Amino acid sequence: QFIIQILFINHLQSESCFTNFYYFSISLSLVSATAGLVYNSATYLREKKFSTIKRNLICKRAVVHRNYLRDFQTRTWKVIEVTKDVEKLDLSVSDLTLAQLQRLFPVLERNYSITEIDFRNNDDVGLCSTMVRFLTSTRREFSTLFLSVDTLDLSWHKLSEDQALRLSEFLRYNNSIKRLDLTGSMLSAHAAELLSEALMVNQSVTSLNLDSNNILVDGSMALAKVLDEGEGRSSHLVRLNLHYNHVADDGVTALAESLERNKTLIELNLSKNFIGIQGAKALAKALKHNNKLKILILNDNELRAEGVVALASQLKKNNCLVELELENVHCGPTGGPKLGKGKIKVQNSFNH
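Residues numbered from 1 in each chain as written. Predicted model: local features only at pLDDT ≥ 70, side-chain atom pairs only at ≥ 80, totals over all residues. Heavy atoms only, no water.

A. Here's a closer look at the packing of helix H9 (residues 216-227) against helix H10 (residues 248-259). For the pair H9 and H10, the least separation of the axes is 8 Å and the interaxial angle reads 5°. By the criterion of interaxial angle, the relationship of H9 to H10 is roughly parallel. Facing H9, whose interface residues are Val217, Ser220, Met221, Leu223, Ala224, Lys225 and Leu227, H10 presents Ala248, Asp250, Gly251, Ala254, Leu255 and Ser258. Taken together, the residues of the contact of H9 with H10 sort by class into 8 nonpolar, 3 polar and 2 charged. (Axes fitted to C-alpha atoms, helices over the stretch in contact; angles between N-to-C directions. Helix = DSSP H or I, 4+ residues; strand = E, 2+ residues; numbered from the N terminus. Parallel < 35°, antiparallel > 145°, perpendicular 65-115°, else oblique. Contact = heavy atoms within 4.5 Å. Nonpolar A, V, L, I, M, F, W, Y, C, P; charged D, E, K, R; others polar.)

B. Region of interest: unusual backbone geometry. Of note, the phi angle at Leu216 is positive, near 60°, even though the residue is not glycine. Secondary-structure assignment places Leu216 in helix H9. At His246, a position not held by glycine, the phi torsion is positive, near 55°. Relative to the elements of secondary structure, His246 occurs in the loop between strand S9 (239-241) and H10.

C. Molecular detail of the nonpolar core. Core analysis: the largest hydrophobic core is formed by 80 residues, its most contacted members being Phe119 and Leu298. Excluding its chain neighbours within four sequence positions, the residues that come into contact with Phe119 are Leu91, Leu96, Leu101, Leu127, Cys128, Met131, Leu145, Phe146 and Leu147. (Core = buried A, V, L, I, M, F, W, Y, C linked by side-chain atoms within 4.5 Å. Buried < 20%, exposed > 50% of the residue type's maximum accessible area, 1.4 Å probe, protein only.)

D. How the structure looks around the pattern of salt bridges. Across all of its chains, the model carries 10 salt bridges by this definition. Two residues, Arg120 and Asp118, come together in a salt bridge whose shortest N-O distance is 2.6 Å. A salt bridge links Arg233 to Glu231; the shortest N-O distance between them is 3.5 Å. The exposure class of Glu231 is exposed, given its relative accessible area of 76%. (Salt bridge = Lys/Arg side-chain N within 4 Å of Asp/Glu carboxyl O.)

E. How the structure looks around the side chain of Ser235. Inspection of the secondary structure assignment puts Ser235 in the loop between H9 and S9. At a separation of 3.1 Å, a polar atom in the side chain of Ser235 contacts the main-chain carbonyl oxygen of Val226. Not counting chain neighbours up to four residues away, the residues in contact with Ser235 comprise Val226, Leu227, Glu229, Asn262 and Thr264. (Polar contact = N/O pair within 3.5 Å; in protein donor to acceptor, adjacent residues only side chain to side chain.)

See below:
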């Protein structure tokens, strides 16, 4: 490697060698042992500042596949800093550690040429989540992020409005993520609207966890559009968790209206959402028409006796629902008493 490096640098000193050397791609793969060569050569170019080299040597694509050389990735990040021309960064199958990935972020912050990042086939969910968190937080604009993992967990990561916008833009073209967890992300109603617009385009996300956010009525109305399969529209969500989102009766009513036409959702969690009689009756009406939902969780709401009776009246008529959770539900006229730990199992169309 040392001998090759000397020969390469000696060759670089001849300006004539750059006559047809416009496209220069750094490919650092499993069989490559040139990390030091490329880095030291690139450093040499920077220090010598040949005008011809500066004009003609342009690296458009950096490929960093799996490599077991010591300090390999760190040297590669320095290559990116030196060239300033890389537009596509291929990190697929790279086996990066969290520390190596975090050292890349300052480089990406300072680099304004990279617009496309390929992070496919890195199956560590933590790494992928860290990458997406960075991309939704950075001031840089990246047009494309390719990601192949099927689970993205960004729970308890407080997302601003701008970060929610970036995440929604990312979801528009991603076709690998199936499970998205945004628990405790402080999502507002507007953020939920942005996310809903993206999910109406996205065809891969089937499980969405928005537990402990603040999407309110407007946010739930936006999500209702994602579930609505009327007028030729299609939905891909199979599981939706809206626990503790201040959805209230109006929000639940919108969701229930969409459930009447939905043919994909099998589990819906609406616990602790200040749902009253109106919301319970809307859900009961939805159960009359819906033949797909299997699990409905309504714990810690204020359904009152009238709401509970409305739901119960549909249990014998609905042939699909197998589980209805009503733990700590206020069923009295003034909020009490409560139902205890009430997980009602519905089998063979009869309430047991």
